[in-house]
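Spelled out, the chains give:
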Amino acid sequence: MTRSLFDETPTPYGAPEAIAPGAVLLRGFACPVADALAQSVKQVIAAAPLRHLVTPGGHTMSVAMCNCGALGWTSCRSGYRYSRTDPLSGQPWPAMPGCFLAIAVRAAAEAGFDNFRPDACLINRYEPGARMSLHQDRDEGDMTAPIVSVSLGLPAVFLFGSGQRSDRPARYRLAHGDVVVWGGPSRLAFHGVAPLADGDHAQLGRQRINLTFRCAG
Ligand code: MD6
Ligand code: FE
């Protein structure tokens, strides 16, 4: 059976798909817990609202962000950094919900990374048209740990390149419940997200939520 690019049926969880050395796509891996994850996202963003950060270059990001866990990633005119407190409130970031930590640890193990204990979870919200330009994730303290990325809501095209920005990236469709685990030789690969196509997701409406779990400290 062929699957249309527009088919919204969750992909049944199958074998891990290697997309590069150290990078694995687990299609549908988070589907069984997606409702619980979405519920917890609501609770986190009630305490630490999503906001559009300004990059050191002065651009306002089209993706809205917040964090949970001991450390949170932030950007401002002076640079990118991890912080123990939310700059908006001065308070610690909300605790990482148990269902977040559980799916991240299970996905990492499935991809061959045992003992993954993330201390940071960045929550990204994409509305139609929002995008993320090619970048490397290089602000984390522990580069031996992978990053685990969980997609919820509208599908997106994930761009995945090499360690050089100039290499043309491969494109992967990430749908509700898909998980990418990313480490080892791919840890510093350039990656991004193409502008989100409009749509209406049955559970999340007109948005895509991405959770990325990191060992930041
Ligand atoms: C996103 N993800 O999917 C943005 N970074 O919305 C990332 O920037 C990312 O998915 C590192 C590893 C996996 C990712
Ligand atoms: Fe990234």
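Each chain has its residues counted from 1, following the order in which its sequence is written. Whichever chain is written first is A, and whichever ligand is written first is 1; the rest continue in order. It should be noted that, the model being predicted, local features are given only for residues of pLDDT at least 70 and side-chain atom pairs only at 80 or more, the latter also being counted only at that level, while totals for whole chains, interfaces and linings use all residues. Excluding hydrogens and water, the side-chain figures rest on all heavy atoms present in the structure.

**Section: the pairing of strand 5 (residues 79-83)**
Strand pairing is assigned whenever DSSP identifies at least 2 bridges connecting the two strands. Runs of H or I in DSSP of at least four residues are treated as helices and runs of E of at least two as strands, each being numbered from the N terminus. Both strand 4 (residues 72-76) and strand 5 contribute to a ladder of 5 bridges, which runs antiparallel. When the sheet's bridge partners are listed, G72 is paired in strand 5 with S83. Hairpin geometry of strand 4 and strand 5 is characterised by an intervening segment of 2 residues between the two adjacent antiparallel strands.

**Structural notes on the side chain of N210**
With respect to the element layout, N210 can be found in strand 13 (residues 208-214). Working definition: with a 1.4 Å probe on protein chains only, accessible area under 20% of the residue-type maximum means buried, over 50% means exposed, and in between means partly exposed. Using a relative accessible area of 4% as the deciding quantity, one classes N210 as buried. By definition, residues are in contact when any of their heavy atoms lie within 4.5 Å. Ignoring anything within four residues of it in the chain, the contact list for N210 reads L122, I123, N124, Y126, S149, V150 and S151.

**Re the environment of R206**
Here R206 is to be found in the loop between strand 12 (191-193) and strand 13. Spatially, the C-alpha atoms of R206 and L154 are 6.9 Å apart, while their sequence positions differ by 52 residues. Dropping the residues within four chain positions of it, R206 is found in contact with Y126, E127, P128, L154, D198, G199 and D200.

**Description of the sheet that holds strand 8 (residues 147-153)**
The strand order across the open sheet formed by 7 strands is 1-2-11-8-13-6-3, and the pairing between neighbours is antiparallel. Either end of the sheet is taken by a strand with one partner, and the two such strands are strand 1 (17-20) and strand 3 (64-68). Across the sheet, the axes of successive neighbouring strands diverge by a mean angle of 20°, strand direction being ignored. Two strands pair when backbone bridges link them, and strand 8 and strand 11 (residues 179-182) are joined in this way by 4 bridges, in the antiparallel orientation. Looking across to strand 11, one finds that S149 is bridged to V180. Interaxial angle, 0 to 180 degrees, is taken between N-to-C directions of lines fitted to C-alpha atoms, where a helix line uses only the stretch in contact.

**A look at the coordination of the iron ion (ligand 2)**
Around a metal, the idealised angle for a tetrahedral arrangement of four donor atoms is 109.5 degrees; for an octahedral arrangement of six donor atoms it is 90 or 180 degrees. Water is not part of the atom set, so a site may look incomplete; the donors themselves are N, O and S atoms within 2.8 Å of the metal, or 3.2 Å for Na, K and Ca. Summarising the metal site, the iron ion (ligand 2) is bound by the protein donors H135 (NE2), D137 (OD) and H191 (NE2), whose distances to it range over 2.1 to 2.3 Å. Between the donor residues of the iron ion (ligand 2), the gaps in sequence give the motif H-x1-D-x53-H. H135 gets classed as partly exposed once you look at its relative accessible area, which sits at 22%.

**Looking at the site of ligand 1**
Close to ligand 1 lie 14 residues, the nearest being Y126, D137, S149, H191 and R208. Within the side chain of S149, one N or O atom sits 2.9 Å away from an oxygen atom of ligand 1. We call two N or O atoms a polar contact when they sit within 3.5 Å, provided that within protein one can donate a hydrogen and the other can accept it, with sequence-adjacent residues counted only if both atoms are side-chain atoms. In the model, an oxygen atom of ligand 1 is placed 3.3 Å from a nitrogen or oxygen of the N210 side chain. Considered on its own, ligand 1 offers 340 Å² of accessible surface; in the complex 99% of this is hidden by protein. Ten residues, namely Ala, Val, Leu, Ile, Met, Phe, Trp, Tyr, Cys and Pro, are considered nonpolar, four, namely Asp, Glu, Lys and Arg, are considered charged, and the remaining ones, Gly among them, are considered polar. For the shell around ligand 1, a count of residues per class yields 6 nonpolar, 6 polar and 2 charged. Residues are classed as near a molecule or strand on a simple rule: at least one heavy atom within 4 Å of it. Where accessible areas are quoted, they stem from the Shrake-Rupley method and a 1.4 Å probe; at the residue level, only the protein chains shown are allowed to cover.

**Remarks on the packing of helix 1 (residues 34-47) against helix 2 (residues 98-110)**
Running from N to C, helix 1 and helix 2 point in directions that differ by 135°, and their axes come no closer than 9 Å. If you check the angle between helix 1 and helix 2, you find them oblique. Helix 1 and helix 2 meet at a crossing whose hand is left-handed. Taking contact as the criterion, the partners of A36, L37, S40 and V41 in helix 1 are, on helix 2, C99, F100 and I103. A per-class count over the contact of helix 1 with helix 2 returns 6 nonpolar, 1 polar and no charged. Angles below 35 degrees are treated as roughly parallel, those above 145 as roughly antiparallel, those between 65 and 115 as roughly perpendicular, and all remaining angles as oblique. Two helices crossing with the near one rotated counterclockwise from the far one by less than a right angle form a left-handed crossing, whereas a clockwise rotation gives a right-handed crossing.

**Comments concerning the sheet that holds strand 9 (residues 156-160)**
Taken in spatial order, the 4 strands make up an open sheet running 7-12-9-10, and their pairing is antiparallel. Every interior strand has two partners, whereas the edge strands, strand 7 (132-135) and strand 10 (170-174), have only one. With direction set aside, neighbouring strand axes in the sheet form an average angle of 20°. For strand 9 and strand 10, the ladder comprises 5 bridges, and the chain directions are antiparallel. Residue pairing across strands places V157 opposite R173, the latter belonging to strand 10.

**Topic: the pattern of salt bridges**
When charged atoms on two side chains of opposite charge get close, those side chains can pair. Salt bridges are identified by distance alone: a Lys or Arg side-chain nitrogen within 4 Å of an Asp or Glu carboxyl oxygen. As enumerated under the stated definition, the model contains 7 salt bridges in all. A salt bridge links D86 to R51; the shortest N-O distance between them is 2.8 Å. Taken together, the residues D86 in the loop between strand 5 and helix 2 and R51 in the loop between helix 1 and strand 3 connect sequence positions 35 residues apart. Each of the two residues, D86 as well as R51, counts as buried. For R206, the salt bridge identified is with D198, shortest N-O distance 2.8 Å. With relative accessibility at 51%, the residue D198 sits in the exposed group. A single salt-bridge network, built from bridges that share partners, covers D137, E140, R187 and R214.

Remember, this is a structural readout, not a statement about activity or role.
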